[in-house]
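Chain by chain, the residues run as shown.
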Amino acid sequence: MVAMMKSLEVAHVLIDFLKIGILGSLLAGLASCAQVNAPKNLEPVAQGRGYQAQYRAVPKRKETRVTSPSPDLNASHCLSFRGGEYDKSRPMAQDVLLGDFLSRNDLLDVRIDQDKELSGQYVVSRSGTLSLPFLPPIPAQGRSTSAVEQSLKRALVASELYDNTPAVSVRVMDVSSVLVGVSGAVFEPHQIELGGVAGDQLDALRQGAIGASTESRNLSAGLRASGGVRPDADLSAVELTRGGTTYMLDLRGVLQGQNMVDVMLLTGDQIFVPSRGCFQDDLMRPSPVSPVGISMFMSNLSQPATGNAPSAVGREVREMPYGTRYLQAVIDLNCVGGPRSTSGHRSAVLLSRNPVSDVSVAIERDIEALISRADRDDYNPYILPGDAMACYDSTVTNLAEVGRVLGLVTLGSLVN
(Lines give C-alpha, C1' and ligand atoms only; values in the text may rest on other atoms or scores of the structure.)
Protein backbone atom coordinates (compact mmCIF):
# COMPACT_ATOMS: atom_id res chain seq x y z
CA MET A 1 0.00 0.00 0.00
CA VAL A 2 2.82 2.42 0.90
CA ALA A 3 4.54 1.65 -2.36
CA MET A 4 1.32 2.30 -4.24
CA MET A 5 0.84 5.70 -2.53
CA LYS A 6 4.41 6.68 -3.33
CA SER A 7 3.80 5.73 -6.94
CA LEU A 8 0.68 7.94 -7.01
CA GLU A 9 2.61 10.88 -5.51
CA VAL A 10 5.30 10.45 -8.15
CA ALA A 11 2.62 10.32 -10.83
CA HIS A 12 1.02 13.57 -9.54
CA VAL A 13 4.42 15.26 -9.55
CA LEU A 14 5.01 14.12 -13.10
CA ILE A 15 1.57 15.41 -14.10
CA ASP A 16 2.34 18.78 -12.48
CA PHE A 17 5.61 18.94 -14.36
CA LEU A 18 3.77 18.09 -17.57
CA LYS A 19 1.20 20.82 -16.86
CA ILE A 20 3.96 23.32 -16.25
CA GLY A 21 5.62 22.24 -19.47
CA ILE A 22 2.37 22.55 -21.38
CA LEU A 23 1.64 25.96 -19.86
CA GLY A 24 5.16 27.09 -20.62
CA SER A 25 4.86 25.94 -24.18
CA LEU A 26 1.50 27.71 -24.47
CA LEU A 27 2.88 30.94 -23.06
CA ALA A 28 5.84 30.77 -25.39
CA GLY A 29 3.55 30.01 -28.30
CA LEU A 30 1.21 32.88 -27.41
CA ALA A 31 4.15 35.22 -27.05
CA SER A 32 5.45 34.22 -30.45
CA CYS A 33 1.99 34.66 -31.99
CA ALA A 34 1.75 38.16 -30.53
CA GLN A 35 4.82 39.21 -32.50
CA VAL A 36 3.78 39.89 -36.08
CA ASN A 37 6.58 40.38 -38.56
CA ALA A 38 6.35 43.64 -40.46
CA PRO A 39 5.66 43.28 -44.21
CA LYS A 40 8.75 43.68 -46.38
CA ASN A 41 7.14 45.96 -48.96
CA LEU A 42 6.41 48.88 -46.62
CA GLU A 43 7.34 52.38 -47.69
CA PRO A 44 10.12 54.05 -45.62
CA VAL A 45 7.92 56.03 -43.24
CA ALA A 46 10.60 56.15 -40.52
CA GLN A 47 12.93 57.96 -42.93
CA GLY A 48 10.28 60.61 -43.60
CA ARG A 49 9.46 59.38 -47.08
CA GLY A 50 5.89 58.29 -46.50
CA TYR A 51 3.04 59.45 -48.74
CA GLN A 52 1.74 61.55 -45.83
CA ALA A 53 3.90 63.25 -43.22
CA GLN A 54 1.13 62.25 -40.80
CA TYR A 55 2.33 58.64 -41.10
CA ARG A 56 5.26 59.43 -38.77
CA ALA A 57 5.38 57.64 -35.43
CA VAL A 58 3.82 59.36 -32.42
CA PRO A 59 6.61 60.91 -30.29
CA LYS A 60 6.91 60.45 -26.56
CA ARG A 61 4.40 62.30 -24.38
CA LYS A 62 7.04 64.59 -22.95
CA GLU A 63 7.43 66.19 -26.36
CA THR A 64 4.99 69.03 -26.93
CA ARG A 65 4.20 70.83 -30.13
CA VAL A 66 2.06 73.92 -30.58
CA THR A 67 1.81 74.01 -34.37
CA SER A 68 1.27 71.22 -36.87
CA PRO A 69 4.26 70.87 -39.23
CA SER A 70 2.72 68.13 -41.38
CA PRO A 71 1.46 70.42 -44.19
CA ASP A 72 4.90 72.05 -44.42
CA LEU A 73 6.66 68.68 -44.41
CA ASN A 74 4.33 67.41 -47.13
CA ALA A 75 4.83 70.54 -49.23
CA SER A 76 8.62 70.30 -48.97
CA HIS A 77 8.54 67.39 -51.46
CA CYS A 78 6.30 69.14 -53.99
CA LEU A 79 7.34 69.81 -57.57
CA SER A 80 6.53 73.24 -58.97
CA PHE A 81 3.13 73.78 -60.56
CA ARG A 82 3.37 72.99 -64.25
CA GLY A 83 0.86 75.74 -64.91
CA GLY A 84 2.86 78.38 -63.03
CA GLU A 85 1.61 80.63 -60.26
CA TYR A 86 -2.11 80.94 -59.83
CA ASP A 87 -3.63 83.93 -61.61
CA LYS A 88 -7.30 84.61 -60.90
CA SER A 89 -7.60 86.83 -63.97
CA ARG A 90 -6.48 84.06 -66.34
CA PRO A 91 -9.26 81.91 -67.85
CA MET A 92 -9.20 78.32 -66.62
CA ALA A 93 -9.90 76.81 -70.03
CA GLN A 94 -9.14 77.52 -73.65
CA ASP A 95 -11.92 79.50 -75.32
CA VAL A 96 -12.11 76.90 -78.05
CA LEU A 97 -13.29 74.30 -75.50
CA LEU A 98 -16.04 76.36 -73.89
CA GLY A 99 -19.62 75.86 -74.99
CA ASP A 100 -21.90 72.99 -75.98
CA PHE A 101 -20.45 70.63 -78.57
CA LEU A 102 -21.93 67.63 -80.32
CA SER A 103 -20.71 64.09 -79.89
CA ARG A 104 -21.56 60.93 -81.77
CA ASN A 105 -24.96 59.36 -80.97
CA ASP A 106 -26.46 62.74 -80.01
CA LEU A 107 -30.06 63.02 -81.23
CA LEU A 108 -30.66 66.13 -83.37
CA ASP A 109 -33.79 67.86 -84.61
CA VAL A 110 -33.09 69.21 -88.11
CA ARG A 111 -35.54 71.55 -89.84
CA ILE A 112 -35.03 72.93 -93.35
CA ASP A 113 -37.45 75.73 -94.27
CA GLN A 114 -40.67 74.06 -95.46
CA ASP A 115 -38.94 70.84 -96.56
CA LYS A 116 -40.77 68.02 -94.79
CA GLU A 117 -38.79 65.29 -96.55
CA LEU A 118 -35.36 66.39 -95.33
CA SER A 119 -36.53 67.74 -92.01
CA GLY A 120 -36.60 65.24 -89.16
CA GLN A 121 -34.66 63.71 -86.33
CA TYR A 122 -31.12 62.43 -86.93
CA VAL A 123 -28.43 60.78 -84.85
CA VAL A 124 -24.79 61.81 -85.17
CA SER A 125 -23.15 58.75 -86.68
CA ARG A 126 -20.32 56.68 -85.25
CA SER A 127 -17.96 58.50 -87.59
CA GLY A 128 -19.09 61.81 -86.07
CA THR A 129 -21.09 63.05 -89.03
CA LEU A 130 -24.67 64.15 -89.75
CA SER A 131 -26.08 62.25 -92.74
CA LEU A 132 -29.15 63.57 -94.57
CA PRO A 133 -30.63 62.03 -97.74
CA PHE A 134 -29.04 63.22 -101.01
CA LEU A 135 -26.28 65.09 -99.14
CA PRO A 136 -22.67 64.24 -98.33
CA PRO A 137 -21.92 63.58 -94.63
CA ILE A 138 -21.57 66.79 -92.62
CA PRO A 139 -18.96 66.85 -89.79
CA ALA A 140 -20.70 67.19 -86.41
CA GLN A 141 -18.40 65.66 -83.77
CA GLY A 142 -16.89 68.40 -81.60
CA ARG A 143 -18.80 71.19 -83.35
CA SER A 144 -21.57 73.47 -82.16
CA THR A 145 -25.09 73.32 -83.62
CA SER A 146 -24.64 76.74 -85.23
CA ALA A 147 -21.50 75.52 -87.04
CA VAL A 148 -23.39 72.45 -88.29
CA GLU A 149 -26.20 74.73 -89.48
CA GLN A 150 -23.81 76.74 -91.63
CA SER A 151 -22.28 73.60 -93.14
CA LEU A 152 -25.73 72.21 -93.88
CA LYS A 153 -26.78 75.41 -95.66
CA ARG A 154 -23.70 75.29 -97.88
CA ALA A 155 -24.27 71.59 -98.63
CA LEU A 156 -27.90 72.20 -99.68
CA VAL A 157 -26.86 74.88 -102.17
CA ALA A 158 -23.80 72.95 -103.40
CA SER A 159 -25.92 69.86 -104.08
CA GLU A 160 -28.31 72.07 -106.11
CA LEU A 161 -31.25 71.08 -103.97
CA TYR A 162 -31.79 74.80 -103.34
CA ASP A 163 -30.97 77.79 -105.50
CA ASN A 164 -30.95 80.14 -102.55
CA THR A 165 -29.77 79.43 -99.04
CA PRO A 166 -32.76 78.14 -97.07
CA ALA A 167 -33.50 78.70 -93.39
CA VAL A 168 -31.98 75.85 -91.37
CA SER A 169 -32.35 74.90 -87.72
CA VAL A 170 -30.29 72.24 -85.90
CA ARG A 171 -31.12 71.60 -82.27
CA VAL A 172 -30.25 68.86 -79.76
CA MET A 173 -33.16 66.61 -78.83
CA ASP A 174 -31.26 64.21 -76.55
CA VAL A 175 -27.68 64.08 -75.32
CA SER A 176 -25.99 60.68 -75.51
CA SER A 177 -23.36 59.19 -73.24
CA VAL A 178 -19.68 59.54 -74.15
CA LEU A 179 -16.61 57.33 -73.72
CA VAL A 180 -13.49 59.11 -72.44
CA GLY A 181 -10.19 57.99 -70.95
CA VAL A 182 -8.91 59.40 -67.66
CA SER A 183 -5.37 58.71 -66.41
CA GLY A 184 -2.71 60.17 -64.15
CA ALA A 185 -3.21 61.34 -60.56
CA VAL A 186 -6.75 60.02 -60.05
CA PHE A 187 -7.71 57.16 -57.75
CA GLU A 188 -9.23 54.93 -60.45
CA PRO A 189 -7.73 55.66 -63.88
CA HIS A 190 -9.70 53.93 -66.64
CA GLN A 191 -11.98 54.49 -69.59
CA ILE A 192 -15.36 55.71 -68.40
CA GLU A 193 -18.84 56.30 -69.79
CA LEU A 194 -20.45 59.61 -68.91
CA GLY A 195 -23.99 60.84 -69.40
CA GLY A 196 -26.95 58.91 -70.68
CA VAL A 197 -30.14 58.22 -68.76
CA ALA A 198 -31.83 54.89 -68.12
CA GLY A 199 -35.13 54.37 -69.90
CA ASP A 200 -37.12 54.30 -66.67
CA GLN A 201 -35.66 57.66 -65.63
CA LEU A 202 -36.47 59.67 -68.76
CA ASP A 203 -38.41 62.89 -68.40
CA ALA A 204 -40.90 62.76 -71.28
CA LEU A 205 -41.51 66.52 -71.31
CA ARG A 206 -37.81 67.36 -71.19
CA GLN A 207 -36.94 64.77 -73.80
CA GLY A 208 -39.58 66.13 -76.14
CA ALA A 209 -38.33 69.70 -75.79
CA ILE A 210 -35.85 71.04 -78.34
CA GLY A 211 -32.47 72.17 -77.06
CA ALA A 212 -31.41 69.39 -74.67
CA SER A 213 -28.29 69.85 -72.56
CA THR A 214 -26.54 68.05 -69.69
CA GLU A 215 -24.05 68.51 -66.88
CA SER A 216 -23.19 64.81 -66.72
CA ARG A 217 -20.66 65.08 -69.57
CA ASN A 218 -18.58 67.75 -67.85
CA LEU A 219 -14.90 67.42 -67.01
CA SER A 220 -15.64 67.46 -63.26
CA ALA A 221 -18.04 64.53 -63.71
CA GLY A 222 -15.32 62.61 -65.55
CA LEU A 223 -12.81 63.18 -62.77
CA ARG A 224 -15.28 62.07 -60.09
CA ALA A 225 -16.19 58.98 -62.11
CA SER A 226 -12.48 58.07 -62.08
CA GLY A 227 -12.40 58.10 -58.29
CA GLY A 228 -11.57 61.81 -58.00
CA VAL A 229 -8.19 63.52 -58.07
CA ARG A 230 -5.53 62.27 -55.65
CA PRO A 231 -3.91 64.54 -53.03
CA ASP A 232 -0.73 64.68 -55.17
CA ALA A 233 -2.54 65.96 -58.29
CA ASP A 234 -1.31 69.06 -60.12
CA LEU A 235 -4.56 70.88 -60.88
CA SER A 236 -2.72 73.73 -62.59
CA ALA A 237 -2.06 71.75 -65.77
CA VAL A 238 -4.77 69.15 -66.39
CA GLU A 239 -4.43 67.97 -70.00
CA LEU A 240 -7.34 67.36 -72.36
CA THR A 241 -6.43 65.77 -75.70
CA ARG A 242 -9.07 66.08 -78.42
CA GLY A 243 -8.62 65.40 -82.11
CA GLY A 244 -4.85 65.24 -81.83
CA THR A 245 -4.57 68.58 -79.99
CA THR A 246 -3.70 68.80 -76.27
CA TYR A 247 -5.10 71.66 -74.20
CA MET A 248 -3.90 72.62 -70.72
CA LEU A 249 -6.59 73.48 -68.16
CA ASP A 250 -6.06 75.22 -64.82
CA LEU A 251 -8.58 73.86 -62.32
CA ARG A 252 -7.15 75.40 -59.15
CA GLY A 253 -9.97 77.91 -59.09
CA VAL A 254 -12.29 75.19 -57.79
CA LEU A 255 -10.32 75.26 -54.52
CA GLN A 256 -9.93 79.03 -54.47
CA GLY A 257 -13.62 79.88 -54.16
CA GLN A 258 -13.93 80.43 -57.90
CA ASN A 259 -16.59 78.92 -60.14
CA MET A 260 -15.11 76.09 -62.13
CA VAL A 261 -15.65 76.51 -65.87
CA ASP A 262 -16.52 72.92 -66.76
CA VAL A 263 -15.58 71.72 -70.23
CA MET A 264 -18.05 69.40 -71.94
CA LEU A 265 -16.37 66.12 -72.85
CA LEU A 266 -16.80 64.25 -76.12
CA THR A 267 -16.34 60.63 -77.06
CA GLY A 268 -12.65 60.00 -77.69
CA ASP A 269 -11.36 62.67 -75.29
CA GLN A 270 -8.32 61.79 -73.18
CA ILE A 271 -7.83 63.40 -69.75
CA PHE A 272 -4.47 63.32 -67.98
CA VAL A 273 -3.92 64.69 -64.47
CA PRO A 274 -0.20 65.20 -63.70
CA SER A 275 1.28 64.65 -60.24
CA ARG A 276 3.31 67.02 -58.08
CA GLY A 277 4.89 64.04 -56.35
CA CYS A 278 3.75 65.14 -52.90
CA PHE A 279 0.78 65.05 -50.55
CA GLN A 280 -1.24 68.30 -50.57
CA ASP A 281 -3.36 68.75 -47.45
CA ASP A 282 -5.54 71.40 -49.09
CA LEU A 283 -6.82 68.83 -51.61
CA MET A 284 -8.19 66.65 -48.80
CA ARG A 285 -11.63 68.24 -48.77
CA PRO A 286 -14.85 67.84 -50.75
CA SER A 287 -14.92 69.62 -54.10
CA PRO A 288 -16.36 69.06 -57.61
CA VAL A 289 -13.21 67.11 -58.55
CA SER A 290 -12.66 65.20 -55.27
CA PRO A 291 -13.84 61.64 -54.54
CA VAL A 292 -17.53 61.55 -53.67
CA GLY A 293 -16.63 59.59 -50.52
CA ILE A 294 -14.43 56.85 -49.11
CA SER A 295 -15.15 53.13 -49.01
CA MET A 296 -13.09 51.64 -46.20
CA PHE A 297 -12.70 48.01 -45.13
CA MET A 298 -12.90 47.67 -41.34
CA SER A 299 -12.62 44.90 -38.74
CA ASN A 300 -13.45 45.06 -35.04
CA LEU A 301 -13.68 41.39 -34.09
CA SER A 302 -12.36 40.31 -30.69
CA GLN A 303 -12.47 36.68 -31.80
CA PRO A 304 -11.78 35.23 -35.26
CA ALA A 305 -15.07 34.70 -37.02
CA THR A 306 -16.46 31.29 -37.92
CA GLY A 307 -18.06 32.69 -41.04
CA ASN A 308 -19.14 35.85 -42.83
CA ALA A 309 -22.72 35.87 -41.54
CA PRO A 310 -21.92 35.77 -37.77
CA SER A 311 -19.35 38.54 -38.13
CA ALA A 312 -21.54 40.73 -40.37
CA VAL A 313 -18.71 41.09 -42.85
CA GLY A 314 -20.97 42.65 -45.43
CA ARG A 315 -21.62 45.64 -43.14
CA GLU A 316 -17.96 46.31 -42.40
CA VAL A 317 -17.31 48.20 -45.63
CA ARG A 318 -18.06 51.73 -44.47
CA GLU A 319 -18.75 54.89 -46.43
CA MET A 320 -17.06 58.01 -45.04
CA PRO A 321 -16.77 61.64 -46.18
CA TYR A 322 -13.64 62.57 -48.07
CA GLY A 323 -11.20 64.18 -45.62
CA THR A 324 -11.90 61.69 -42.80
CA ARG A 325 -8.91 61.15 -40.50
CA TYR A 326 -7.52 58.13 -38.66
CA LEU A 327 -9.14 58.98 -35.32
CA GLN A 328 -12.54 59.59 -36.88
CA ALA A 329 -12.39 56.19 -38.58
CA VAL A 330 -11.38 54.56 -35.28
CA ILE A 331 -14.41 56.07 -33.56
CA ASP A 332 -16.67 54.96 -36.42
CA LEU A 333 -15.28 51.45 -35.93
CA ASN A 334 -16.38 51.50 -32.26
CA CYS A 335 -12.82 51.14 -30.99
CA VAL A 336 -13.19 54.01 -28.49
CA GLY A 337 -15.06 54.03 -25.19
CA GLY A 338 -16.17 51.38 -22.71
CA PRO A 339 -14.67 50.59 -19.30
CA ARG A 340 -11.21 52.08 -18.96
CA SER A 341 -10.02 49.09 -16.94
CA THR A 342 -10.55 46.74 -19.87
CA SER A 343 -10.80 48.98 -22.95
CA GLY A 344 -7.95 51.40 -22.24
CA HIS A 345 -4.93 51.43 -24.54
CA ARG A 346 -6.46 49.64 -27.42
CA SER A 347 -4.63 50.00 -30.72
CA ALA A 348 -5.58 50.22 -34.37
CA VAL A 349 -3.73 49.47 -37.58
CA LEU A 350 -4.29 51.36 -40.84
CA LEU A 351 -3.36 49.57 -44.05
CA SER A 352 -2.94 51.78 -47.09
CA ARG A 353 -0.95 52.01 -50.30
CA ASN A 354 1.12 54.83 -51.75
CA PRO A 355 -0.69 55.66 -55.02
CA VAL A 356 2.48 57.16 -56.53
CA SER A 357 4.94 54.33 -55.82
CA ASP A 358 2.34 51.56 -55.29
CA VAL A 359 4.11 50.54 -52.05
CA SER A 360 2.13 49.49 -48.99
CA VAL A 361 2.10 51.16 -45.59
CA ALA A 362 0.93 49.85 -42.20
CA ILE A 363 0.40 52.49 -39.49
CA GLU A 364 -0.34 51.40 -35.91
CA ARG A 365 -1.60 53.87 -33.33
CA ASP A 366 -2.31 53.59 -29.61
CA ILE A 367 -5.84 54.94 -29.49
CA GLU A 368 -5.71 56.47 -26.00
CA ALA A 369 -2.43 58.23 -26.82
CA LEU A 370 -3.90 59.57 -30.05
CA ILE A 371 -6.98 60.92 -28.26
CA SER A 372 -5.05 62.58 -25.45
CA ARG A 373 -2.59 64.50 -27.65
CA ALA A 374 -3.40 68.14 -28.28
CA ASP A 375 -1.32 68.05 -31.47
CA ARG A 376 -2.78 64.80 -32.76
CA ASP A 377 -3.41 66.20 -36.28
CA ASP A 378 0.33 65.83 -36.75
CA TYR A 379 0.07 62.07 -36.44
CA ASN A 380 -3.53 61.61 -37.51
CA PRO A 381 -3.36 60.53 -41.19
CA TYR A 382 -6.10 61.09 -43.71
CA ILE A 383 -8.02 58.03 -44.85
CA LEU A 384 -7.77 57.32 -48.57
CA PRO A 385 -10.21 55.35 -50.76
CA GLY A 386 -9.68 51.61 -50.45
CA ASP A 387 -7.86 51.75 -47.10
CA ALA A 388 -8.41 49.06 -44.47
CA MET A 389 -8.38 49.32 -40.68
CA ALA A 390 -8.42 46.80 -37.85
CA CYS A 391 -8.76 47.31 -34.08
CA TYR A 392 -6.87 45.27 -31.50
CA ASP A 393 -7.95 44.65 -27.92
CA SER A 394 -6.35 46.15 -24.82
CA THR A 395 -3.74 44.41 -22.67
CA VAL A 396 -6.36 43.48 -20.07
CA THR A 397 -8.53 41.83 -22.72
CA ASN A 398 -5.52 40.01 -24.14
CA LEU A 399 -4.57 38.68 -20.67
CA ALA A 400 -8.15 37.52 -20.15
CA GLU A 401 -7.98 35.71 -23.46
CA VAL A 402 -4.71 34.04 -22.47
CA GLY A 403 -6.32 32.95 -19.21
CA ARG A 404 -9.32 31.56 -21.05
CA VAL A 405 -7.09 29.53 -23.38
CA LEU A 406 -4.93 28.25 -20.49
CA GLY A 407 -8.02 27.39 -18.49
CA LEU A 408 -9.37 25.30 -21.33
CA VAL A 409 -6.06 23.50 -21.72
CA THR A 410 -5.75 22.80 -17.98
CA LEU A 411 -9.32 21.51 -17.83
CA GLY A 412 -8.67 19.27 -20.79
CA SER A 413 -5.53 17.94 -19.16
CA LEU A 414 -7.41 17.14 -15.96
CA VAL A 415 -10.19 15.41 -17.83
CA ASN A 416 -7.72 13.29 -19.73
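Just above, that's the structure.
Within any chain, residue numbers begin from 1 and follow the written order of that chain's sequence. Restriction of local features to residues with pLDDT of at least 70 applies here, the model being predicted, together with a cutoff of 80 or more for giving and counting side-chain atom pairs; totals for whole chains, interfaces and linings are based on all residues. Heavy atoms from the whole structure form the basis of all side-chain values; hydrogens and water molecules are not counted.

A. Here's a closer look at the state of the cysteines. The criterion for a disulfide is a pair of cysteine sulfur atoms lying within 2.5 Å. Per the counting criterion, the structure on display carries two disulfides. At a sulfur-sulfur separation of 1.8 Å, the disulfide partner of Cys 78 is Cys 278. The sign of the S-S torsion, about 85°, decides the handedness of the disulfide formed by Cys 78 and Cys 278: right-handed. With Cys 78 in the loop between helix H2 (70-75) and strand S1 (107-112) and Cys 278 in the loop between strand S10 (270-273) and strand S11 (294-299), the pair connects residues that are 200 residues apart, well separated along the chain. Note on cysteine connectivity: Cys 335 is disulfide-linked to Cys 391, with sulfurs 1.5 Å apart. Only DSSP runs of H or I covering at least 4 residues are called helices, and only runs of E covering at least 2 are called strands; the numbering of each starts at the N terminus.

B. Quick look at the environment of Met 320. Note on placement: Met 320 falls in strand S12 (residues 317-320). The buried label goes to any residue with under 20% of its type's maximum accessible area, the exposed label to any with over 50%, and the partly exposed label to all in between, with areas taken from a 1.4 Å probe on protein chains only. Classification of Met 320 as buried rests on a relative accessible area of 6%. In sequence terms Met 320 and Ile 294 are 26 residues apart; their C-alpha atoms lie 5.0 Å from each other. For Met 320, the residues in contact, after removing those within four places along its chain, are Gly 293, Ile 294, Met 296, Met 298, Ala 329 and Asp 332. Residue contacts are defined here by distance: any two heavy atoms, one from each residue, within 4.5 Å place the two residues in contact.

C. Representation of the environment of Asp 106 within the structure. Of note, Asp 106 is situated in the loop between H2 and S1. For Asp 106, a relative accessible area of 2% gives the class buried. The sequence separation of Asp 106 and Val 178 amounts to 72 residues, and the corresponding C-alpha distance is 9.5 Å. The contact partners of Asp 106, leaving out residues within four places of it in the chain, are Phe 101, Tyr 122, Val 123, Val 124, Asp 174, Val 175, Ser 176 and Arg 217.

D. Fine view of the nonpolar core. With 28 residues, the main nonpolar core has Met 296, Tyr 326, Leu 350 and Met 389 as its most contacted residues. Put simply, the parts of the chain that give this core at least two residues each are S11, helix H7 (326-332), strand S13 (347-353), strand S14 (360-366), helix H9 (367-372) and strand S15 (388-392). If one sorts the elements of this core by residue count, H7 sits on top with four residues. Contact partners of Tyr 326, with chain neighbours within four places excluded, come to Ala 348, Val 349, Leu 350, Ile 363, Glu 364, Arg 365, Leu 370, Asn 380, Pro 381, Ile 383 and Met 389. The next biggest cluster of nonpolar side chains, apart from the first, holds 27 residues, and it includes Val 186, Ile 192, Val 229 and Leu 265. Residue types Ala, Val, Leu, Ile, Met, Phe, Trp, Tyr and Cys, when buried and joined through side-chain atoms within 4.5 Å, form a set referred to as a nonpolar core.

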